[in-house]
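Each chain is listed here by its residues.
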Amino acid sequence: MVNVRERRSTPTGAEREAREVFRQAEAKEALTDYAKAQKAFHENRERLKAERLAREAEAAGRTKAD
């Protein structure tokens, strides 16, 4: 006797559709996570850049005052 699972190796239409929906949801979540990481990276980079420019301006002001 053949097991039903062994006989049917191709997914049904409903299974394919469900996989596609889950795949799209996972891809959207991954892109959302990626976008959040990119936004945090750029915000941190801009903050560090502003701090560096402020330090450089302060140092330039001190050398002119001397």
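Everything here concerns the structure above.
Everything numeric here is computed off the predicted structure, so don't read it as measured data.

(A) Representation of the pattern of salt bridges in the model. Applying the stated criterion across every chain, the model contains 5 salt bridges. Between Arg23 and Glu20 there is a salt bridge, with the nearest N and O atoms lying 2.9 Å from each other. Here the residue Arg23 and the residue Glu20 both occupy positions in helix 2 (residues 13-65), the gap between them amounting to 3 residues, near one helical turn. Across the salt bridge formed by Lys39 and Glu43, the nearest N and O atoms sit 3.8 Å from each other. Of this pair, Lys39 and Glu43 both sit in helix 2, separated by 4 residues, roughly a single helical turn.

Conventions used here
Residues numbered from 1 in each chain as written. Predicted model: local features only at pLDDT ≥ 70, side-chain atom pairs only at ≥ 80, totals over all residues. Heavy atoms only, no water. Salt bridge = Lys/Arg side-chain N within 4 Å of Asp/Glu carboxyl O. Helix = DSSP H or I, 4+ residues; strand = E, 2+ residues; numbered from the N terminus.

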